[in-house]
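Given next are the chains, with one letter for each unit.
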Amino acid sequence: PGEVSGAWSPYERGFEGHENVDARDKRAVGLWGESLVYQYLVRNFPDCNVEWMNEKEESRCFYDISIVPLEKGSNGSGLRSELRSQTIFVEVKTTASPSRNVFQLSLPELQFACKPGVQYHIYRVYGAGGDAARVQVRVVEGLREALEQRS
């Protein structure tokens, strides 16, 4: 619980179509990162329904993407097997910076993430819209568990 996966570059995994984005436009940067993570999750969870909540308009949900298993099984996605049997909620936090670790999480997002039984993961995207070789993604699995381990 609460593990942080290694960093990965989406461009090393064959992602395309992520052209430059104006780093001053926070909404555009956020959508850029959500789109990238959504594509990754769709590719890596073929046995799940992956839904991007903000694809058409801002949804005001406590998460950006949900992953709902359609059947049990493992497809090599890297997530622990016990997580594969329940819905995973993903919050994407994107920055144009290659190294800015600080991000905001609203109180309602945190309260939702800390509910018992909720699997809430943070996908942190660095270098959005810039040089493809510098884009990196880090994942914090199980935010509640990660916070409990640090307290």
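Remember, predicted model here, so these are calculated numbers, not experimental data.

Thoughts on the nonpolar core
Consideration 1: In this structure, Val 37, Leu 41, Ile 65, Ile 67, Val 90, Tyr 123 and Val 125 are the most contacted members of the largest nonpolar core, which totals 21 residues.
Consideration 2: Considering each element in turn, this core owes the most residues, 6 residues, to helix H1 (residues 26-44).
Consideration 3: When neighbours within four sequence positions are excluded, Val 90 is seen to be in contact with Val 37, Leu 41, Tyr 63, Asp 64, Ile 65, Ile 67, His 121 and Tyr 123.
Consideration 4: Counting 9 residues, the second largest nonpolar core, distinct from the first, contains Met 53, Tyr 63, Ala 113 and Leu 143.

Some remarks on the packing of aromatic side chains
Consideration 1: According to the stated counting rule, one finds 7 aromatic pairs in the structure shown.
Consideration 2: Ring centres 5.0 Å apart and planes at 85° place the aromatic pair Phe 89 and Phe 112 in the edge-to-face group. Taken as a pair, Phe 89 in strand E3 (residues 88-94) and Phe 112 in helix H2 (residues 107-113) lie far apart in primary sequence, 23 residues in all.
Consideration 3: Residue classification places Phe 89 among the buried positions, given a relative accessible area of 15%.
Consideration 4: For the pair Phe 112 and Tyr 120, a centre-to-centre distance of 6.1 Å together with 70° between the ring planes defines the contact as edge-to-face.

Some remarks on the pattern of salt bridges
Consideration 1: Under the defined criterion, the tally for this structure stands at 6 salt bridges.
Consideration 2: A salt bridge links Arg 24 to Asp 22; its shortest N-O distance comes to 3.0 Å.
Consideration 3: What makes Asp 22 partly exposed here is its relative accessible area of 36%.
Consideration 4: Between Lys 93 and Glu 91 there is a salt bridge; the shortest N-O distance is 3.3 Å.
Consideration 5: For Glu 91, a relative accessible area of 4% gives the class buried.
Consideration 6: Through salt bridges with shared partners, a single network forms among Glu 91, Lys 93 and Glu 109.

A look at the sheet that holds strand E5 (residues 136-140)
Consideration 1: A sheet is described by the order of its strands in space; here 5 strands give the open sequence E1-E2-E3-E4-E5, paired in mixed fashion. A strand with exactly one partner marks an edge of an open sheet, and here the two such strands are strand E1 (48-52) and E5. For this sheet, the mean angle separating the axes of adjacent strands, direction not counted, is 20°.
Consideration 2: Sitting on the sheet, H1 is in contact with E1, strand E2 (65-69), E3, strand E4 (119-126) and E5, with an inclination near 140° to E3.

Side note on the environment of Arg 144
Consideration 1: Tracing the sequence through the fold places Arg 144 in helix H3 (residues 143-150).
Consideration 2: Separated by 26 residues in the primary sequence, Arg 144 and Val 118 have C-alpha atoms spaced 8.4 Å apart.
Consideration 3: Setting aside residues no more than four positions away along its own chain, Arg 144 makes contact with Ala 113, Cys 114, Lys 115, Pro 116 and Gly 117.
Consideration 4: A polar contact of 3.4 Å, which involves the side chain of Arg 144, links it to the side chain of Glu 145.

A look at the side chain of Asn 54
Consideration 1: The topology assignment puts Asn 54 in the loop between E1 and E2.
Consideration 2: With a relative accessible area of 3%, Asn 54 lands in the buried category.
Consideration 3: In this structure the side chain of Asn 54 is engaged in a polar contact, spanning 3.0 Å, whose partner is the side chain of Asp 64.
Consideration 4: Residues in contact with Asn 54, not counting those within four places in the same chain, are Leu 31, Glu 34, Ser 59, Arg 60 and Asp 64.

Observations regarding H1
Consideration 1: Under the 1.5 Å per step criterion, the end-to-end length of H1 is 27 Å for 19 residues, consistent within 8% with the ideal 27 Å.
Consideration 2: If you check which residues of H1 are buried, you get Val 29, Trp 32, Gly 33, Glu 34, Ser 35, Leu 36, Val 37, Tyr 40 and Leu 41.
Consideration 3: On its buried face, H1 is in contact with E1, E2, E3, E4 and E5.

Cut-offs and rules
Residues numbered from 1 in each chain as written. Predicted model: local features only at pLDDT ≥ 70, side-chain atom pairs only at ≥ 80, totals over all residues. Heavy atoms only, no water. Core = buried A, V, L, I, M, F, W, Y, C linked by side-chain atoms within 4.5 Å. Buried < 20%, exposed > 50% of the residue type's maximum accessible area, 1.4 Å probe, protein only. Helix = DSSP H or I, 4+ residues; strand = E, 2+ residues; numbered from the N terminus. Contact = heavy atoms within 4.5 Å. Phe/Tyr/Trp six-rings, centres within 6.5 Å; stacked < 30°, edge-to-face > 60°. Salt bridge = Lys/Arg side-chain N within 4 Å of Asp/Glu carboxyl O. Pairing = 2+ DSSP bridges. Axes fitted to C-alpha atoms, helices over the stretch in contact; angles between N-to-C directions. Polar contact = N/O pair within 3.5 Å; in protein donor to acceptor, adjacent residues only side chain to side chain. Expected span 1.5 Å × (residues − 1).

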